[in-house]
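Each chain is listed here by its residues.
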Amino acid sequence: MTLLDVQNLEVTYPGGAAAVRGVDLTLEAGQKLGIAGESGCGKSTLALALLRLLPAGTTVGGRILLDGEDVLAMKWGRVRAVRWAGASIVFQGAMHSLNAVHRIGDQIAEPILLHRRATAAGARRRAGELLEQVGLPAARASAYPHELSGGQRQRVMIAMALACDPGLVIADEPTTALDVMIQAQILRLIEELVSEQDVGLIMISHDLAVLADTCDRLAVMYAGRVVEEGPAARVFDDARHPYARALSAAFPRIGDPASRFAPAGLAGDPPDPSALPGGCAFHPRCPVALESCATEDQPLRLADAATGRRAACVHAGAGAEEAAAVVDTAVVHAPAADTPVPDTSGAGGPGADGDDSGATGSRAGTDDSEATGPGAPGCAATSDAEGATEAAGTGTAGTDGARSTTA
Ligand SMILES: Nc1ncnc2c1ncn2[C@@H]1O[C@H](COP(=O)(O)OP(=O)(O)OP(=O)(O)O)[C@@H](O)[C@H]1O
Ligand code: SF4
Ligand SMILES: [Mg+2]
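Everything numeric here is computed off the predicted structure, so don't read it as measured data.

Novice: Just give me the short version of the overall build of the protein chain, but keep the residues and values in it.
Specialist: Scanning the protein chain for helices and strands turns up twelve helices and 16 strands. Sorting the 407 residues of the protein chain into buried and exposed places 50% on the buried side. When contacts within the protein chain are restricted to residue pairs at least 6 apart in sequence, long-range pairs at least 24 apart make up 68% of them.

Novice: Kindly report on the sheet that holds strand E6 (residues 87–91), identifying the contributing residues and their values.
Specialist: Here eight strands make up an open sheet; going across it, the order is E6-E7-E8-E3-E9-E10-E13-E12 and the pairing mixed. The sheet terminates laterally at E6 and strand E12 (301–304), the two strands that pair on one side only. This sheet shows a mean twist of 25° between the axes of neighbouring strands, independent of strand direction. Alignment of strand E9 (residues 217–222) against strand E10 (residues 225–231), held across six bridges, turns out to be antiparallel. Paired with valine 220 across the bridge in E10 is glutamate 228. Most of the contacts of helix H10 (residues 242–249) go to E9, to which it runs at about 110°, and overall it touches strand E3 (32–36), E9 and E10.

Novice: Can you explain the packing of helix H4 (residues 104–116) against helix H5 (residues 120–133)? Please cite residues and give values.
Specialist: One way to put it is that H4 packs onto H5 with a least axis distance of 8 Å and a crossing angle of 120°. Relative to H5, the element H4 is oriented oblique. Of the two possible hands of crossing, H4 and H5 adopt the one that is right-handed. Counting all contacts with H4, which are made through Gly105, Ile108, Ala109, Ile112 and Leu113, the residues of H5 involved are Ala123, Arg124, Arg126, Ala127 and Leu130. In the contact of H4 with H5, the residues fall into seven nonpolar, one polar and two charged.

Novice: Explain the sheet that holds strand E1 (residues 4–12) to me, using residue names and the numbers behind them.
Specialist: Taking strand neighbours across the sheet as the criterion, the four strands line up as E2-E1-E4-E5 in an open arrangement whose pairing is antiparallel. A single partner strand is all that each edge strand has here, and the edge strands are strand E2 (18–27) and strand E5 (69–70). In the sheet, strand E4 (residues 59–66) pairs with E5 via two bridges, with the strands oriented antiparallel. Pairing of leucine 66 across the sheet is with glutamate 69, part of E5. Each of E1, E2 and E4 touches helix H1 (residues 43–50); the most contacted strand, E2, lies at about 65° to it.

Novice: Break down the site of ligand 2 for me, with residues and values.
Specialist: Near ligand 2 there are 14 residues, and of these Cys280, Cys286, Ala289, Cys293 and Cys313 occur at the shortest range. Considering only residue class, the shell around ligand 2 consists of ten nonpolar, four polar and no charged.

Novice: If you had to explain the pairing of E6 to someone new, which residues and values would you point to?
Specialist: Most of E6 sits out of view: five of its five residues are buried. The two faces of E6 match: Ala87, Ile89 and Phe91 on one face and Ser88 and Val90 on the other face are all buried. As paired elements, E6 and strand E7 (residues 168–172) share five bridges and run parallel to each other. By the bridge assignment for E7, alanine 87 is matched with leucine 168.

Novice: Tell me about the environment of alanine 267, residues and numbers included.
Specialist: Turning to its location among the elements, alanine 267 is positioned in the loop between strand E11 (264–265) and E12. The class for alanine 267 is exposed, based on 10 C-beta atoms found within 10 Å. For the pair formed by alanine 267 and proline 284, sequence separation is 17 residues and the distance between their alpha carbons is 9.8 Å.

Novice: Break down the nonpolar core for me, with residues and values.
Specialist: Of all hydrophobic cores here, the largest spans 106 residues; its most connected members are Ala49, Ala159, Leu218 and Val220. For this core, the leading source of residues is helix H6 (residues 150–162), giving seven residues. Looking at this core, you find at least three residues from each of domain 1 (4–206 + 360–380) and domain 2 (240–333). The residues touching alanine 159, leaving out its near neighbours within four places in the chain, are Ile108, Leu130, Leu131, Gln133 and Val134.

Novice: Can you break down the pairing of strand E8 (residues 200–204) residue by residue, with the values?
Specialist: By the criterion of burial, E8 is predominantly enclosed, with five of the five residues buried. Covered by surrounding structure in E8 are Gly200, Ile202 and Ile204 together with Leu201 and Met203, the residues of both alternating faces. Bridge count between E3 and E8: four bridges; the pairing is parallel. Looking at E8, one finds that leucine 33 is bridged to isoleucine 202. Note: E7 against E8, five bridges, orientation parallel. Bridging from a neighbouring strand, leucine 168 pairs with glycine 200 of E8.

Novice: How would you sum up the packing of H6 against helix H7 (residues 180–197)? Please name residues and give values.
Specialist: Two elements in contact, H6 and H7, have axes separated by 10 Å at closest approach and are oriented at 15°. The orientation of H6 relative to H7 falls into the category roughly parallel. At the point where H6 passes H7, the crossing takes the right-handed sense. The segment H6 lies against H7, with Gly151, Gln154, Arg155, Ile158 and Leu162 engaging Ile182, Gln185, Ile186, Leu189, Ile190 and Leu193. The residue inventory of the contact of H6 with H7, partitioned by class, reads seven nonpolar, three polar and one charged.

Novice: Which residues make up H4, and what are the values?
Specialist: Along its 13 residues, H4 runs 18 Å from first to last C-alpha, staying within 8% of the 18 Å computed at 1.5 Å per residue. Restricting attention to buried positions, one finds in H4 the residues Ile104, Gly105, Gln107, Ile108, Ala109, Glu110, Pro111, Ile112, Leu114 and His115. In the core, the buried residues of H4 are packed alongside helix H2 (76–85), H5 and H6. One or two positions beyond H4, positive phi appears at arginine 117, with a value near 50°.

Criteria and thresholds
Residues numbered from 1 in each chain as written. Chains lettered and ligands numbered in written order. Predicted model: local features only at pLDDT ≥ 70, side-chain atom pairs only at ≥ 80, totals over all residues. Helix = DSSP H or I, 4+ residues; strand = E, 2+ residues; numbered from the N terminus. Buried ≥ 20, exposed ≤ 12 C-beta atoms within 10 Å, placed from the backbone. Contact = placed C-beta atoms within 7 Å. Pairing = 2+ DSSP bridges. Axes fitted to C-alpha atoms, helices over the stretch in contact; angles between N-to-C directions. Parallel < 35°, antiparallel > 145°, perpendicular 65-115°, else oblique. Left-handed = near helix turned anticlockwise from the far one by under 90°. Nonpolar A, V, L, I, M, F, W, Y, C, P; charged D, E, K, R; others polar. Near = placed C-beta within 6 Å. Core = buried A, V, L, I, M, F, W, Y, C linked by C-beta atoms within 7 Å. Domains from an automatic or database assignment. Expected span 1.5 Å × (residues − 1).

Below is the structure:
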């Protein structure tokens, strides 16, 4: 059975921001799906919706089938049981996501006590095992979060996410605040753990290159919609949607000096989700827009039958080469004034690693009801939505207390 089947998911915040619009996604057990897109395109909203962690008053429509069970139709008791044990979330900003006044061993043990009905000694033992699994000595269980480095705290968050053997792990920008070396270690760790345990992984990042390297499939979001989805390498190397192509071209390729010294960009900003343009939401920025794009939106449709790639563009139905040629003109090469002359000898240079240097928009310890500041837990288990309300046919959760955004 498909592990996760998201059908026509719509999320509108109380102020009217249509942050997720008609998203369809599937994920099989053991599969890794990357979700990319510029800041504000709805990636975190999608992640929060999957476990009903959105603020009260948010309207949610569509279906989210987790192991065949509709998350949006679940009673709150069932939602609490599913968080951690069925699916868990690792949020970025581990510094803010761990409770500063509790030892990390106790924080890892908490969901085990709650969901596995373990004894205190059993939960402590399991917490030690999990720490070892993520590469930390079990003895560090007695440490407080401030006694760990950023990378170690992120490892603790991953241990917490794995504590109750969930079938699905959602990692929302798990490495954005970390340096490149630690970022690579954490990504490798997540990758190894999910493949060892046959867990499904949704990895969210601004960094298409990192996702292409880590995930089996990639979904690119723009203005709340998935505009392209398919095998990770194909979407990264040969996107069919002009936006996905421009996003991909923004990352330098190792071994391709031209892309390193002539950074590609895309003019303009994503639209405000409360005031979306008509037609294709990308049309005001799209260099290959047709006149009809201002009034006609395009559904996500099969663009490449061989790979099951889907794209939401009027050009996506064209033959493979023709489509690639058209959308390629969407990439605007914009070398900075002080860009050095390209060294075509292939020697390395600054910025040659394709690392995530433009990360922005971190989220600190998202939690829906218990988050009260720096000590707010960042994983879903402690996020039981006390006082949450449910509108008919929609799923809403309590308050999103720690939903702060830092630069
Ligand atoms: N609680 C909220 N109330 C109203 N609007 C919100 C709320 N949270 C997010 N939004 C809006 O919804 C849109 C999508 O936000 P979201 O956090 O999902 O984006 P994102 O893709 O995760 O961005 P980033 O890459 O910066 O983390 C944004 O326009 C944002 O301003
Ligand atoms: S549908 Fe039109 S505006 Fe939208 S991405 Fe394709 S060409 Fe550009
Ligand atoms: Mg986000």
